[in-house]
Amino acid sequence: MVTLLQRLSRVLLIIFNFRMRNFLIVALRNLLRNKEYFFINVFGLAVGMACAIMVMVYVWEQSKFDTFHPASERLCRVYLDSKLGGLESKVAVTSPMFANGLKKYVPEIEQSCRIFKNDRDIPVLIPVSTLLDRRTLLYVDSTFFDIFGFKLIEGDPKTCLNKPRSIVLSQSVAKLLFPGGALGKIITVENDKRWTVTGIVEDCPANSHLNYKSLVSISSVVLPDMGWTSLYLYTYYRFKKGTDLNEPATSPYLGLSAIEDKLLKGFLLEAGDDLEKSMGLTIKEMNEKDEYFVLRLQRVSDIHLYSHLKYENTQNVNIQTLLIIAGISILIILIACINYANLSIARLAGRVREIGIRKILGSQRRELSLQLLAESLTISFISLFFALVIVEIVYPNTILTQQIPGSDIQSLLFKLSPIIFCITFFTGVIAGIYPAFYILRFSPATILSHQKVFSTGGKGFRGLLVIIQFVFSLVIIFSTSTIYRQLRYVQQIGVGFQRDKLLVIQNIVGLEGDTNDFRSHLMELKNVESVSYSNAVPGKVLGMQSVQNGKDRTSNLMMYMMQTDSLFFQTYGMKIAQGSFNLVKYKTKDTMDVIVNEEAVKYLGLKNPIGSTIYRKIGDTSTHCLIIKGVVSNFNFESLHTRIQPLIIFSGGMEKIKFATIRFSGTITDRDIKRVKEHLEKAYPKIPFFQFSMNEGLGEYYKEEKSTGEVAVVFSFFAIFIACMGLYSLLALTTVFRTKEIGIRKVLGAGIKELVMLLSKEIFKLISIAGLIALPISFLLSYYWLDRFAYHVSLNLANYLFVFIAVFIVAVFTIYRQLWHTINSDPGDSLRFE
Amino acid sequence: MIELIDIGKVFKNKDVETKALSNINLTVSQGEFISIMGPSGCGKSSLLNIIGLIDSPTSGMYLLNRKLVSNITERDRTSQRKNNFAFIFQSFNLIDDLTVLENIELPLVYQKIPQVERLRSVNEVLERFNLKHRAGYFPNELSGGQQQLVAVARAVIARPKVILADEPTGNLDSTHGEDIIQELVKLNESGTTIIMVTHSLMQAQRSHRIIHLFDGHVVTETFSRSINHF
């Protein structure tokens, strides 16, 4: 340690001695003499650093989700992982019984909390007429404030959610509803229910997966089903201090931890019978068939980055996405570093004489190395200053912050300052180390006598650096183009129905028997072609149920169920593959006609599906016989990330319908939506409706990919910009070195074409080599990214060539000015140059 | 063949204007061997560059083969240069990255002569100048005299009408210098017009006419030997 400090102090002394100051003055003069290169160096490095800093801030924010809760390392959410009927499923929702029902089997549980979200908005009548958004209205247990670290500003955290009809408002909602103070006030909601404001909580921090605006005691709502196998709410556990959540179970089963094993055992003791009944299989039989149903835990702080379950509370970020963005930013800073190193080596040629003379006058090798390093560090830190200015201006307006609004960039930068300092330092060292050691290998006599060798020296290495830069740029641009092609594909692909011109109205449960009137009302509107009802729509399909194939009733198969009216297929423009779309509700009490999709026919192994039967268990004793009346061509009712699943569509009573879908004759305009809204508000003033276009609804699936794409586009631009800046200056320097040669060639009769070829040939050769190297890397990365989609665009050479040609053209434009200038100069000027 | 009328050349550098040449009037006939002499900085090389269409005059008229070339475009100048002139420089001006053979071949490449023909010509010239054994060498592997010999070989290969030599022996010892002058005399005797800038009166006396320059002006013109007209 002492030796290290001694060495450090010696280095500092050297840095600040007179000779070093002299070096720095000369270095600064040198830098400022070549203003264009200085600008390119500083600006290129600043843009690269700004990208890296912005991504670092973004990644930092994303990795700090839900870490502010007390004992967050012991705070977990339970989820279900199952494979039933051959279909694997991971769902975030659990039964309401889990929270307290399993405590006796798992003594390590210290506290539990349930969070339930209604599927419709709640209209507020008093004090102001408004809606409490279903997405931000959480029904929670009274333990909410014990488990989570949200700050209650007014009210008692222990009791505020104890009683039914208690509501805790976030500060912003409280201000909106009761500007004069909300605590103790009454909110009258639909059906004249009165909720008392028992607390005011801080607005939900942006870095939490629980996106709340209002919290209502869970006892205020009648939960749909209290069965152990009814899954619809989230369950959180806080475990006791010292609990090892990673300890493996004594008899390892599907990688369960000891705690998860205890939870499962408790669940099976409580709900094994229910599960067996609904599955039609015993647990033993399930295991024999390689099927399972287990409970797993995930830390709350891991949810945002790692959890991608069905029925997530909010949309989480994919860690893969984060890695892509981080990777791109590293590549960009490397491109900027290469620029710097490349230009520095090239620039050394102009300083060979200075360094040679310094050596003759007695300058030590170490001092000269330090000088060159000091120069690159100076540029690096000047660049950091500009990088911070860029971050300050750009970051608040980028897509990165749109996901976490209100993040304070200054405090984040302060927190990250040691890392930023290190990045800057190492950027300076990496960029300066090669030039420093390159020139110092030679003796003063060699340097002075072979100046020409130096001016063209390092050409091979510079070429390699240019290749690396363009490989990085091509990889980034091709990957971005793949992301964009896939996004366009998911937006335009035929999903098996005509997705345009469809408007879905949600929340029509309140209509009850009034459906025919409702339809008539809508049909009166301009441009409306048809209206259909269903309990699910593509993008919002209900859960699965266990069925049995009529030919083999021993097998239990899990299939998605959907309930529609007979106009559904016409409204959605679906194609019939076999049979007909005419559904009869119930033929007899226990028999009904159904339509299945093509995937279901495959899944059930039916050769002649029409007329085949499927059995569906209803409760303990009753079984429905489903007769296949028609087969609908496959359509994507979930995202394109997953393969199309087997689906049964049947016609049922209208009491369970949730959605009405309107087909318009033309593209849906804002006017159409406004007209529907006004019409419904007039006809049904008490029912709060919501509408969304089918395209918009399906677009929700690809929100994350869309933002990745946007970020990638911005960074691709930076990458190619920095690379081209490097190319420009490199050509400029190369041209300077070759000025005399150009003159000679001109004198010998070289024309414009020959000179253009001469100067550009080498650079284009380098870009072409980069193109060949980048090809497999780009394909591999794109393949890896596309793999997340069950349906995706194909990768072909034509697309790559298109990107390559585009980069090539940008490169041509970059060097055009330089070439033009050189070629049009007088050969006399060139020959005078030396 | 070459007619310069009131040629002037001014170099501008930031705020400073330097008059390199003023009111130069000169006529050069085909087959002449002319030497230009004068102290350093008197404008000898500038004059040579203007004659060779490497540089353009600031004022005056330049007629080449009775055609006005003082204000033509760079493209036309390239074409005229290619068809009429060849250059020999004091600092040789060979391209370091090219071999002796490639350096000599270069003017033919720009004249788009087919490769087979090019190689034949290059071989002839290499033999003539006794450079065959150095064909694969790079310029920095040769002595100064050999480099200048390569430059002369490069100058003659395209059979130019005029050879412009800017102090061709300035960087050479007397023996090598004499070799080069002899080559130039031979070339002139075979009909090539030669305009040479030199500091050596002895070498200048091998030409037909000596032009003395001082401060950008032609001060005297002396005839040293008669022209052998073809």
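Predicted model, so just to flag it, every value in this text is computed and none were measured. (Residues numbered from 1 in each chain as written. Chains lettered and ligands numbered in written order. Predicted model: local features only at pLDDT ≥ 70, side-chain atom pairs only at ≥ 80, totals over all residues. Heavy atoms only, no water.)

Draft legend 1. Structural view of the sheet that holds strand β1 (residues 2–13) of chain B. All names here are of chain B. Pairing in this open sheet of 4 strands is antiparallel, and the strands run β2-β1-β4-β5 from one edge to the other. Two strands bound the open sheet, and with one partner strand each, they are β2 (16–28) and β5 (67–68). Pairing analysis gives 2 bridges linking strand β4 (residues 59–64) to β5, with the strands arranged antiparallel. The partner of L63 across the bridge, within β5, is L68. (Pairing = 2+ DSSP bridges. Helix = DSSP H or I, 4+ residues; strand = E, 2+ residues; numbered from the N terminus.)

Draft legend 2. Broad picture of the interface of chain A and chain B. Contacts between the two partners involve 20 residues from chain A and, on the opposite side, 25 residues from chain B. Taken together, the two surfaces of chain A and chain B that pack against each other cover about 2000 Å², and 54% of this comes from carbon and sulfur. In terms of surface lost to chain B, no three residues of chain A exceed A:R745, A:V747 and A:L748, which account for 28% of the buried area on that side. For the interface between chain A and chain B, the tally reads 1 salt bridge. Its salt-bridge partner being A:E754, residue B:K112 comes within 3.0 Å of it at the nearest N-O pair. Put simply, chain A and chain B have 2 residue pairs in polar contact (both at pLDDT 80 or more) between them. (Contact = heavy atoms within 4.5 Å. Buried area = accessible area lost by both parts, 1.4 Å probe. Salt bridge = Lys/Arg side-chain N within 4 Å of Asp/Glu carboxyl O. Polar contact = N/O pair within 3.5 Å; in protein donor to acceptor, adjacent residues only side chain to side chain.)

Draft legend 3. Examining the packing of helix α5 (residues 144–157) of chain B against helix α6 (residues 174–189) of chain B more closely. Residues and elements named next belong to chain B. Running from N to C, α5 and α6 cross one another at 10 degrees; their axes reach a closest spacing of 9 Å. Relative to α6, α5 is oriented roughly parallel. Counting all contacts with α5, which are made through G145, Q148, L149, V152 and V156, the residues of α6 involved are H176, I180, E183 and L187. Of the residues belonging to the contact of α5 with α6, the class tally is 5 nonpolar, 3 polar and 1 charged. (Axes fitted to C-alpha atoms, helices over the stretch in contact; angles between N-to-C directions. Parallel < 35°, antiparallel > 145°, perpendicular 65-115°, else oblique. Nonpolar A, V, L, I, M, F, W, Y, C, P; charged D, E, K, R; others polar.)

Draft legend 4. Focus on helix α2 (residues 74–84) of chain B. Of the residues making up α2(B), those classed as buried are B:E74, B:R77, B:T78, B:Q80, B:R81 and B:N84. The buried residues of α2(B) all sit within an arc of 165 degrees when viewed along its axis, so they share a single face. (Buried < 20%, exposed > 50% of the residue type's maximum accessible area, 1.4 Å probe, protein only. Arc of directions from axis to C-beta.)

Draft legend 5. Seen up close, the pattern of salt bridges. The final tally for this structure, using the stated rule, is 25 salt bridges over all chains. With a closest N to O distance of 2.9 Å, A:R135 and A:D133 form a salt bridge. Here A:R135 falls in the exposed class, since its relative accessible area comes to 52%. Owing to a relative accessible area of 24%, A:D133 belongs among the partly exposed residues under this scheme. Here B:E178 ties to B:R206 by a salt bridge, and the two come within 2.9 Å at their closest N and O atoms. Of this pair, B:E178 sits in helix α6 while B:R206 sits in the loop between α7 (201–204) and β9 (209–214), and the two are 28 residues apart along the sequence. Relative accessible area serves as the criterion here: at 26%, B:E178 is assigned to the partly exposed category. A cluster of three or more residues bridged by salt bridges with shared partners is formed by A:E73, A:R74, A:E110, A:D146 and A:R238.

Draft legend 6. The arrangement of the packing of helix α3 (residues 100–110) of chain B against α5(B) in detail. All names here are of chain B. The contact between α3 and α5 brings their axes to 8 Å, and the two run at 25 degrees. Relative to α5, the element α3 is oriented roughly parallel. The handedness of the crossing between α3 and α5 is right-handed. Residues V100, N103, I104, P107 and L108 of α3 pack against V150, A153, R154 and I157 of α5. Looking at the contact of α3 with α5 residue by residue, the class counts come to 7 nonpolar, 1 polar and 1 charged. (Left-handed = near helix turned anticlockwise from the far one by under 90°.)

Draft legend 7. A look at the packing of aromatic side chains. All names here are of chain A. Applying the stated criterion across every chain yields a total of 31 aromatic pairs over all chains. Where F68 meets F150, the ring centres are 5.6 Å apart and the plane angle is 65 degrees; that geometry is what we call edge-to-face. Taken as a pair, F68 in the loop between α3 (35–63) and β1 (75–84) and F150 in the loop between α5 (144–147) and β7 (152–154) lie far apart in primary sequence, 82 residues in all. The partly exposed category is assigned to F68, whose relative accessible area is 29%. Judged by centre distance (6.4 Å) and plane angle (85 degrees), the rings of F144 and Y212 are edge-to-face. Linking F144 in helix α5 with Y212 in the loop between β10 (193–201) and β11 (214–217), this pair joins segments that are 68 residues apart in sequence. Joined through ring pairs, the aromatic side chains of F68, F144, F145, F148, F150, Y212 and Y236 make up one cluster. When the ring centre of W60 is taken as reference, the NZ or CZ atom of K64 above it lies at 4.8 Å. (Phe/Tyr/Trp six-rings, centres within 6.5 Å; stacked < 30°, edge-to-face > 60°. Lys NZ or Arg CZ within 6 Å of the ring centre and 35° of its normal.)

Draft legend 8. Molecular detail of the sheet that holds strand β8 (residues 193–197) of chain B. Residues and elements named next belong to chain B. The 6 strands are arranged β6-β7-β8-β3-β9-β10 in an open sheet whose pairing can be described as mixed. The open sheet has two free edges, formed respectively by β6 (85–88) and β10 (217–223), since each of these has just one partner strand. Each adjacent strand pair in this sheet contributes to an overall mean axis angle of 20 degrees, direction not counted. Each of β6 and β7 (162–166) is contacted by α2, which is oriented at about 80 degrees to β6, the strand it contacts most.

Draft legend 9. Structural detail: the environment of A:I505. All names here are of chain A. Along the chain, the position of I505 falls in strand β14 (residues 502–506). Its relative accessible area of 0% is what places I505 among the buried residues. The spatial distance from the C-alpha of I505 to the C-alpha of Y533 is 9.5 Å, given a sequence separation of 28 residues.

Draft legend 10. Looking closely at a nonpolar patch on the surface. Residue and element names in this part refer to chain A. Side chains of L797, L801, I805, I809 and F813 sit close together on the surface and give an oily, nonpolar patch of about 510 Å² of accessible area. Tracing the backbone shows F813 in helix α27 (residues 797–823). A relative accessible area of 63% places F813 in the exposed class. (Patch = residues over 30% accessible without salt bridge, like charges linked within 9 Å, V, L, I, M, F, W, Y side chains within 5 Å. Areas by Shrake-Rupley, 256 points an atom, 1.4 Å probe, with all protein chains shown as cover.)

Draft legend 11. Structural detail: the confidence of the model for chain A. Taken residue by residue, chain A gives an average pLDDT of 80. The fraction at 70 or more is 82%. Per-element mean pLDDT across chain A ranges from 49 in helix α17 (residues 451–456) of chain A up to 96 in strand β12 (residues 234–239) of chain A. (pLDDT = per-residue confidence, 0-100.)

Draft legend 12. Molecular detail of unusual backbone geometry. That bond from A:I126 to A:P127 is cis: its omega, 10 degrees, falls within 30 degrees of zero. With respect to the helices and strands, A:P127 occurs in the loop between β4 (122–126) and β5 (130–132).

Draft legend 13. Local environment of the side chain of A:T480. Within the element layout of this structure, A:T480 appears in helix α18 (residues 459–492). Contacts of A:T480, omitting those with residues within four sequence positions, involve A:G709, A:A712, A:V713 and A:S716.

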